[in-house]
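Structure assessment
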Amino acid sequence: MRRLVHSEWIRLWRHRIFLLMLAALPVAAYAAAGYMRKANAGTDPALPQYAVAGNFSVLGFEEMLLTVFNLAMIVLAAYVVTDEYRSGALRMVMQRAYTFGQIIAAKALTLAAAAAVLCLWYLLWSTLFGYLLLPHADAFALFYREGTVHYGKGLLYALQFYGIGLLTLLAMTAVLLFFAVISRSVTAAMGLGIGFLLLSLLGPQLLSYFAAVIDQTLFFRLYFASLPMIQWQGIVFLLADSPRYAGWMCTVLAGYLLLFGTGAYLVFTKRDRWI
C-alpha cells in the first residue's frame, strides 16, 4: 500500500496541470494583494476587511478558496481518476497485487495531499506579498472578534483558517472523487463538478429571497448545508469569539466526506465496472 501511495504521489507531480496550478498561485496571490491595496483606499482601517500584512493571507485565501481552489480540485480529480481510467493507466495498476479498495484509497490520499500542498503554497506566497505590498500594522481586526490582534495571534488565526479551509476542500474532494469515478470522460467529470459548484452557490442565493419568512436557525442550517457557503462565510463564524452553528457545519462536512467518499468507494470497487 505504501508503494502504491508513493506511485500515485509521483504521478501527480508528472501531471502538467498540477505544476501549472503551482505556478499560477503566486501570480494569483500577487494580483490579490494589488487589488486589495487599491481597495484599501475606500476602506476604514479599523474594519477586518482592511488588508494589511498581518491579515492578507486570510483575506486572500477566503476569496480564492471559493473559486480558484474548488476549480483546481475539480480539474485534479478528473485527471487523477477519470483520465487515468480512460487512458488505460488504471488497468495497468490493477494488474499488480493491489485491490480496488487500495487503489481508490491511494487516489483519495493523493488528492488530499495535493489540496494541502496548494493551500500551503498559497499561504507562503500570500504572506510574502502581503509583507511586500500592503501596509504594516502593529494590530488589526478580525471578523467577529472583539478588539485587535498582533502578528502572533494573527498567524495562529491564519493557520486555523487554512486548516478549516483545507477540511472544506477535502469534503469537496470527496464529492468530486465520486463524480470522477462515475464519469467515463474528463469532460463529464469536470462538468459534474462545475455543475455541483454552481448549484451550491445558486441554492443559497435563491434561499436568501425567503430569509424574511424562514426561521433564522432553519435558514442558516439550509444556508450552511452548502460547502461553498461554509467556505465563504462559515469559517469566520467558526473562528468567532462566540462560534455560531459550529456543530451543524461540522456535521455537514462529515456528511459530505462519509456519503460521497463511501459512494466513490462502492462504485469503484464494483468488479463488473471493469469488465
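In short, a report on the structure. In this text, all values refer to a predicted model and were calculated from it rather than measured experimentally.

**A few points about the side chain of threonine 110**
Relative to the assigned elements, threonine 110 resides in helix α5 (residues 100–133). Overall, threonine 110 belongs to the buried group, its relative accessible area being 2%. There is a polar contact of 2.8 Å between the side chain of threonine 110 and the backbone oxygen of alanine 106. The residues touching threonine 110, leaving out its near neighbours within four places in the chain, are Val5, Glu8, Trp9 and Leu12.

**Here we look at the nonpolar core**
If you look at the biggest cluster of nonpolar residues, it comprises 85 residues, and the most contacted ones within it are Phe69, Leu76, Leu118, Tyr122 and Phe224. In this view, phenylalanine 69 contacts Leu25, Phe61, Met64, Leu118, Cys119, Tyr122 and Leu169; residues no more than four positions away in its chain are not counted.

**Structural notes on the pattern of salt bridges**
A complete count under the given rule lists two salt bridges for this structure. A salt bridge links glutamate 8 to arginine 11; the nearest nitrogen and oxygen atoms lie 2.5 Å apart. Of this pair, glutamate 8 and arginine 11 both sit in helix α1 (residues 2–14), three residues apart, roughly one helical turn. For the residue pair glutamate 8 and arginine 11, the accessibility class agrees, reading buried in each case. Glutamate 8 is paired through a salt bridge with lysine 107; the nearest N and O atoms lie 3.0 Å apart. Here the residue glutamate 8 occupies a position in helix α1, and lysine 107 occupies one in helix α5, the gap between them amounting to 99 residues. Accessibility classification places glutamate 8 together with lysine 107 in one group, the buried group. One continuous salt-bridge network, built from bridges that share partners, spans Glu8, Arg11 and Lys107.

**Some points on the environment of leucine 167**
Here leucine 167 is to be found in helix α6 (residues 151–182). Remark: the alpha-carbon pair of leucine 167 and cysteine 250, spanning 83 residues in sequence, is separated by 9.8 Å. Leaving out residues up to four positions away in the same chain, leucine 167 has contacts with Leu253 and Leu257.

**Brief notes about the side chain of serine 57**
By the element assignment, serine 57 lies in helix α3 (residues 56–87). Since its relative accessible area comes to 6%, serine 57 is described here as buried. Setting aside chain neighbours within four positions, we find serine 57 in contact with Leu123, Ser126, Thr127, Ala158 and Tyr162.

**A closer look at the packing of α1 against α5**
At a minimum axis distance of 9 Å, the contact between α1 and α5 shows a crossing angle of 50°. The angle between the axes of α1 and α5 places the two elements in the oblique class. Between α1 and α5 lies a crossing whose hand is right-handed. Contacts from Leu4, Val5, Glu8, Trp9, Arg11, Leu12 and Trp13 in α1 reach Gln102, Ile103, Ala106, Lys107, Leu109, Thr110, Ala113, Ala114 and Val117 in α5. Per-class residue counts for the contact of α1 with α5 are eleven nonpolar, two polar and three charged.

**Some details on helix α2 (residues 16–39)**
Here α2 is 24 residues long and its end C-alpha atoms lie 34 Å apart, about the 34 Å a rise of 1.5 Å per residue gives. Roughly 25° is the biggest bend found in α2, and it falls at alanine 24, with proline proline 26 one to four residues downstream. Buried within α2 we find Phe18, Met21, Leu22, Leu25, Pro26, Ala28, Ala29, Ala32, Ala33, Gly34 and Met36.

**Side note on the packing of α5 against α6**
Interhelical geometry of α5 versus α6 gives an angle of 145° and a closest axis separation of 10 Å. α6 is crossed by α5, and the crossing has right-handed handedness. Contacts between α5 and α6 involve Ile104, Ala108, Leu111, Ala112, Ala115, Ala116, Cys119, Tyr122, Leu123 and Ser126 on the former and, on the latter, Leu159, Tyr162, Leu166, Leu169, Leu170, Thr173, Leu177 and Val181. Split by residue class, the contact of α5 with α6 holds 16 nonpolar, two polar and no charged.

**Remarks on the packing of aromatic side chains**
What the rule picks out here adds up to 27 aromatic pairs. The interplanar angle of 75° and the centroid separation of 5.3 Å between the aromatic rings of tyrosine 30 and phenylalanine 129 together place this pair among those described as edge-to-face. Placement of tyrosine 30 in helix α2 and of phenylalanine 129 in helix α5 is noted, with a sequence separation of 99 residues between them. Taking relative accessible area as the criterion, tyrosine 30 reaches 48% and is therefore assigned partly exposed. Classification of phenylalanine 129 by relative accessible area gives buried; the value is 13%. Ring plane angle 80° and centroid distance 5.3 Å describe the contact between phenylalanine 219 and phenylalanine 220, whose orientation is recorded as edge-to-face. The pair formed by phenylalanine 219 and phenylalanine 220 is uniform in burial state, with each residue classed as buried. Among the aromatic residues, those joined into a ring-pair cluster are Tyr144, Phe219, Phe220, Tyr223, Phe224, Phe237 and Tyr245. Residue placement shows arginine 244 over the ring face of phenylalanine 220; its charged tip is 5.5 Å from the ring centre.

Thresholds applied
- Residues numbered from 1 in each chain as written.
- Predicted model: local features only at pLDDT ≥ 70, side-chain atom pairs only at ≥ 80, totals over all residues.
- Heavy atoms only, no water.
- Helix = DSSP H or I, 4+ residues; strand = E, 2+ residues; numbered from the N terminus.
- Buried < 20%, exposed > 50% of the residue type's maximum accessible area, 1.4 Å probe, protein only.
- Polar contact = N/O pair within 3.5 Å; in protein donor to acceptor, adjacent residues only side chain to side chain.
- Contact = heavy atoms within 4.5 Å.
- Core = buried A, V, L, I, M, F, W, Y, C linked by side-chain atoms within 4.5 Å.
- Salt bridge = Lys/Arg side-chain N within 4 Å of Asp/Glu carboxyl O.
- Axes fitted to C-alpha atoms, helices over the stretch in contact; angles between N-to-C directions.
- Parallel < 35°, antiparallel > 145°, perpendicular 65-115°, else oblique.
- Left-handed = near helix turned anticlockwise from the far one by under 90°.
- Nonpolar A, V, L, I, M, F, W, Y, C, P; charged D, E, K, R; others polar.
- Expected span 1.5 Å × (residues − 1).
- Bend = angle between axes of the 7 residues up to and from the residue.
- Phe/Tyr/Trp six-rings, centres within 6.5 Å; stacked < 30°, edge-to-face > 60°.
- Lys NZ or Arg CZ within 6 Å of the ring centre and 35° of its normal.

In short, shape yes, function no, at least from these values alone.
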